[in-house]
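# Tertiary structure, described
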Amino acid sequence: MFSDIFENVKKICPIIHNITNYVTVNDCANILLACGASPIMADDIEEAADITAVCSGLNINIGTLNSRTVSSMKLAGKTANKLKHPVVFDPVGAGASKLRTQTAFDLLEEIQFTVIRGNISEIKTLISGSGTTKGVDADMADKVTEANLDDAAEFVKAFSAKTGAVISVTGAIDIVADASKAYCIRNGHPMMSSITGTGCQLSAMTAAFVTANPEQPLEAAAAAVCAMGLAGEIAYQRLTPMDGNSSYRNYIIDAIYNLTPAQLEKGAKYEVR
Amino acid sequence: MFSDIFENVKKICPIIHNITNYVTVNDCANILLACGASPIMADDIEEAADITAVCSGLNINIGTLNSRTVSSMKLAGKTANKLKHPVVFDPVGAGASKLRTQTAFDLLEEIQFTVIRGNISEIKTLISGSGTTKGVDADMADKVTEANLDDAAEFVKAFSAKTGAVISVTGAIDIVADASKAYCIRNGHPMMSSITGTGCQLSAMTAAFVTANPEQPLEAAAAAVCAMGLAGEIAYQRLTPMDGNSSYRNYIIDAIYNLTPAQLEKGAKYEVR
Amino acid sequence: MFSDIFENVKKICPIIHNITNYVTVNDCANILLACGASPIMADDIEEAADITAVCSGLNINIGTLNSRTVSSMKLAGKTANKLKHPVVFDPVGAGASKLRTQTAFDLLEEIQFTVIRGNISEIKTLISGSGTTKGVDADMADKVTEANLDDAAEFVKAFSAKTGAVISVTGAIDIVADASKAYCIRNGHPMMSSITGTGCQLSAMTAAFVTANPEQPLEAAAAAVCAMGLAGEIAYQRLTPMDGNSSYRNYIIDAIYNLTPAQLEKGAKYEVR
């Protein structure tokens with residue numbers, strides 16, 4: 001199944017509009033090209049709607065948000081909703097500042113996202129503001145482990161039910177869920193956290209995958225997570241003793257470039273709960 | 001001839017002011033250093049004229065334009081014109097949004113460019129607005145091929161005559177032309193399009209080449225195109241089975257770093273029409 | 001001693017708030033991760049104080065300053081001062097435009113820096129405006145050499161006494177000094193100047209080192225300079241004939257990733273004057 005999903009990305013070559021941070025933007029562009037998609041980066045409000053319209057999917061990332069770009073995110077998101085284009089949201093750093101947290105809440109309020117992808121702490125921040133629960137800290141651990149995986153999966157499903165978006169939570173174990181089904185994914189390597197932007201890159205790639213597979217956003221988002229994790233594994237195998245996080249960054253993008261749909265199918269490590 | 005042109009870059013080490021997009025800016029800076037030039041990136045209107053004045057060439061790229069930076073581009077461009085510094089224009093995405101197209105037209109109106117470098121679609125957008133022709137789409141194909149090369153070269157020459165700028169159109173076959181002479185260049189490799197920013201990098205390097213060779217903007221722009229294409233060929237040879245577009249990006253900049261004027265002379269594949 | 005300082009970085013994993021330029025920001029983030037620290041990039045005034053507060057150190061770099069980000073730098077700097085967080089200042093391009101020079105003076109006036117790190121030309125610009133001296137050009141050479149090293153060290157000490165900051169001047173010979181003691185450092189390789197952003201990366205890493213070693217800012221800043229230089233030496237050894245400045249950039253970050261405290265201790269080449 002994941003092989004067909006990835007095949008569609010390569011066949012359709014979706015153009016993805018990215019309003020994203022300036023830290024990892026180059027890597028996001030290169031990983032989109034690596035997986036077979038095409039990136040456009042454009043964050044000015046004067047062109048946000050135009051660019052959204054010429055693309056087929058949208059990726060919003062608040063990593064270096066400012067008042068100018070937040071307005072563009074809102075306009076682009078609403079435009080994408082009108083055009084029925086998939087929209088991915090990466091709430092980078094939600095919880096770290098009032099601006100980020102409030103912006104994330106506002107975006108959730110005004111835009112219907114197809115996928116929300118973040119780490120557990122960001123997703124918990126979103127959940128806390130969405131009114132789905134009280135006492136998040138008590139209810140959901142700070143880390144997804146084998147011990148709390150079932151509980152975590154239920155939590156993520158509940159947030160998906162509330163938002164109508166597929167929720168993609170990445171960490172040592174990744175959970176990608178809609179309201180009724182959770183993919184628990186065990187691809188990846190711990191060294192990925194020593195590179196800036198593997199999360200941002202995954203969000204961009206997720207936008208490509210769901211855009212090329214509009215009927216299966218859950219499976220497409222899960223496939224993107226598996227692809228990124230698998231690339232992290234392949235790239236890790238390639239490291240020489242002198243290589244570090246900078247070469248690892250290049251090798252991960254290279255691995256996506258060389259990954260075939262069949263390899264993704266074979267290498268994806270997941271179970272459904 | 002191209003060897004002398006490249007030699008001048010290495011001898012003069014021109015400092016190039018870049019107002020460029022945040023996606024590929026790091027690669028632009030590194031390729032300028034690789035070819036022997038020096039980059040300064042500065043996009044605030046409060047310093048645009050000052051920085052243009054301490055540099056000897058200017059590179060304007062609208063890849064992630066916004067209202068703040070467009071004003072800086074205009075001021076920097078006019079300052080460079082007054083100081084008789086070469087100015088290169090890269091109309092990234094002209095045609096993709098009204099803002100980009102209109103900004104490109106405005107810049108063409110207000111600034112005398114030394115070189116305009118873009119892909120065929122961007123250049124066609126500029127031509128359509130410059131009043132040189134009607135029915136661009138009918139007159140000029142979307143791709144330069146052996147079959148339409150003569151027609152395309154005439155088209156590019158006509159646009160050069162209209163604008164007074166050398167026009168550098170890159171694609172499978174590149175055309176670099178002034179009003180009377182067109183270099184048709186066959187360096188490069190298709191995989192270059194799987195990296196973000198090879199065009200941006202070429203524009204930056206073109207600025208270095210024309211700045212170091214102010215009497216020969218046509219030849220300098222053609223030499224830059226050959227250098228970039230040759231670097232793409234050399235870097236491609238170096239790829240191992242695990243390498244992908246991210247390593248390829250590094251190898252291209254590395255190839256420019258190691259390219260000698262003699263190698264450029266020998267490796268340049270062009271004819272004049 | 002440098003081994004303990006570096007050990008502290010790895011033990012404490014300080015989170016560093018960076019308001020820095022968009023040219024080299026990705027490399028700054030990756031080198032912070034490589035040395036064991038954690039980066040946050042945030043430049044909007046609405047969140048600058050919040051982010052400073054959740055971090056333990058601040059790195060201000062004016063490489064692509066604009067009016068929006070300068071306000072954020074000031075607010076973040078004052079917040080860090082109030083919270084007694086170390087603050088590093090990289091006055092990129094001070095002297096190249098009135099805006100940069102004036103902004104640098106303003107920041108010096110309003111913020112108490114822990115370390116100021118720049119090249120000799122930038123530091124001379126700061127000194128000229130700080131009232132410590134007349135005729136800087138006559139008094140301090142444009143390049144630190146063996147012949148003028150004693151004079152240069154005295155100059156740097158005097159500027160440290162005036163500002164209360166450790167001054168870190170990098171070049172062929174680096175000088176890191178407080179009012180009474182100057183580390184003269186001979187690590188590094190000339191090829192480092194062919195990469196954009198080794199200075200920016202060093203400033204980011206300096207912030208991590210002083211944040212993890214708040215009682216020894218002088219030694220911590222000197223250790224960071226030695227680490228960066230040593231990484232430049234190790235990475236240079238690794239270069240193959242086809243490698244150039246782009247691979248060298250990756251190898252330097254890789255070398256920081258693999259550098260151990262013991263190797264830093266052993267490889268640091270300095271004397272105290």
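Scroll up for the structure.
Conventions used here
- Residues numbered from 1 in each chain as written.
- Chains lettered and ligands numbered in written order.
- Predicted model: local features only at pLDDT ≥ 70, side-chain atom pairs only at ≥ 80, totals over all residues.
- Heavy atoms only, no water.
- Least-squares fit on C-alpha atoms with pLDDT ≥ 70 in both.
- Contact = heavy atoms within 4.5 Å.
- Helix = DSSP H or I, 4+ residues; strand = E, 2+ residues; numbered from the N terminus.
- Salt bridge = Lys/Arg side-chain N within 4 Å of Asp/Glu carboxyl O.
- Polar contact = N/O pair within 3.5 Å; in protein donor to acceptor, adjacent residues only side chain to side chain.
- Nonpolar A, V, L, I, M, F, W, Y, C, P; charged D, E, K, R; others polar.
- Buried < 20%, exposed > 50% of the residue type's maximum accessible area, 1.4 Å probe, protein only.
- 1 Å grid on protein atoms, 1.4 Å probe; cavity = no way out; pocket = protein on both sides within 12 Å on 5 of 7 lines; lining within 4 Å.
- Points joined across faces, edges and corners; volume = space filled by probe spheres on them.
- Phe/Tyr/Trp six-rings, centres within 6.5 Å; stacked < 30°, edge-to-face > 60°.
- Lys NZ or Arg CZ within 6 Å of the ring centre and 35° of its normal.
- Pairing = 2+ DSSP bridges.
- Axes fitted to C-alpha atoms, helices over the stretch in contact; angles between N-to-C directions.

### Side note on the relation of the copies chain A and chain B
Turning one copy of the chain about an axis and sliding it along that axis gives the other copy, so a rotation and a shift relate them. It takes a turn of 120° to lay chain A on chain B, together with a shift of 0.0 Å along the axis; the resulting RMSD is 0.0 Å. What we have between these two chains is a three-fold relation. Taking C-alpha positions as the reference, the residue of chain A nearest the rotation axis is Tyr 22 of chain A, at 3.6 Å. Little of the interface of chain A is mirrored in chain B, where only 15% of its interface residues are also at the interface.

### What to know about the environment of Met 73 of chain B
Residue and element names in this part refer to chain B. Inspection of the secondary structure puts Met 73 in helix α4 (residues 67-82). A sequence separation of 52 residues divides Met 73 from Thr 125, and the C-alpha atoms of the two residues are 20 Å apart. Not counting residues up to four positions away in its chain, the partners in contact with Met 73 are Ile 19, Ile 60, Asn 61, Ile 62, Leu 65, Leu 107 and Ile 111.

### Focus on the interface of chain A and chain B
If you look at the interface, chain A gives 27 residues, while chain B gives 29 residues. Between chain A and chain B we count three salt bridges in total. Here chain A is connected to chain B by 19 residue pairs in polar contact (both at pLDDT 80 or more). Among the elements of the structure, α2 (25-35), α3 (45-54), α10 (217-238) and α11 (245-258) of chain A are those that each provide at least two residues to the side of chain A that touches chain B. Partitioning the side of chain A that touches chain B into residue classes produces twelve nonpolar, five polar and ten charged.

### Some remarks on helix α6 (residues 120-129) of chain B
An α-helical turn contains 3.6 residues, so any two residues separated by three or four positions project in the same direction. Residues and elements named next belong to chain B. In terms of residue burial, α6 counts as a mostly covered element, since seven of its ten residues are buried. Buried within α6 are the following residues: Ile 120, Glu 122, Ile 123, Lys 124, Thr 125, Leu 126 and Ile 127. Near the N-terminus of α6, the side chain that reaches the backbone nitrogen of Ser 121, with its oxygen 3.1 Å away, is that of Asn 119.

### Quick word on empty space enclosed by the protein
One pass over the full model with this rule turns up one cavity of 30 Å³ or more. Going through the elements one at a time, α2 of chain A, α2 (25-35) of chain B together with α2 (25-35) of chain C are the ones with two or more residues in the lining of the largest cavity. Here the residues of the lining of the largest cavity sort into nine nonpolar, four polar and six charged.

### Regarding the environment of Lys 10 of chain C
All names here are of chain C. Position of Lys 10 among the secondary structure elements: in helix α1 (residues 2-12). Residues Lys 10 and Cys 28 lie 18 residues apart in sequence; the distance between their C-alpha atoms is 17 Å. The residues touching Lys 10, leaving out its near neighbours within four places in the chain, are Ala 34, Cys 35, Leu 259 and Pro 261.

### Observations concerning the packing of aromatic side chains
Residues and elements named next belong to chain A. In total, this model carries 18 aromatic pairs over all chains according to the counting rule given. Members of the aromatic cluster, connected to one another through ring pairs, are Phe 2, Tyr 183 and Tyr 270. Cation over ring: Arg 238 sits above Tyr 251, and NZ or CZ is 3.9 Å from the ring centre.

### Here's the deal with the sheet that holds strand β3 (residues 57-61) of chain B
All names here are of chain B. As summarised here, the arrangement of the nine strands in space is β2-β1-β3-β4-β5-β6-β7-β8-β9, forming an open sheet in which the pairing is mixed. Each edge of the open sheet carries a strand with a single partner, namely β2 (38-41) and β9 (270-272). Ignoring which end each strand starts from, the neighbouring axes of this sheet average 20° apart. Relative to β3, strand β1 (residues 15-19) runs parallel, the two sharing four bridges.

### Topic: the pattern of salt bridges
Scanning the entire structure with this criterion turns up 54 salt bridges over all chains. A salt bridge links Glu 271 of chain A to Arg 186 of chain A, with the nearest nitrogen and oxygen atoms 2.6 Å apart. Within this pair, whereas Glu 271 of chain A is found in strand β9 (residues 270-272), its partner Arg 186 of chain A is found in the loop between β8 (182-185) and α9 (198-212), the two being separated by 85 residues in sequence. Since its relative accessible area comes to 26%, Glu 271 of chain A is described here as partly exposed. Across the pair Asp 254 of chain B and Arg 238 of chain B runs a salt bridge whose closest N-O atoms are separated by 3.2 Å.

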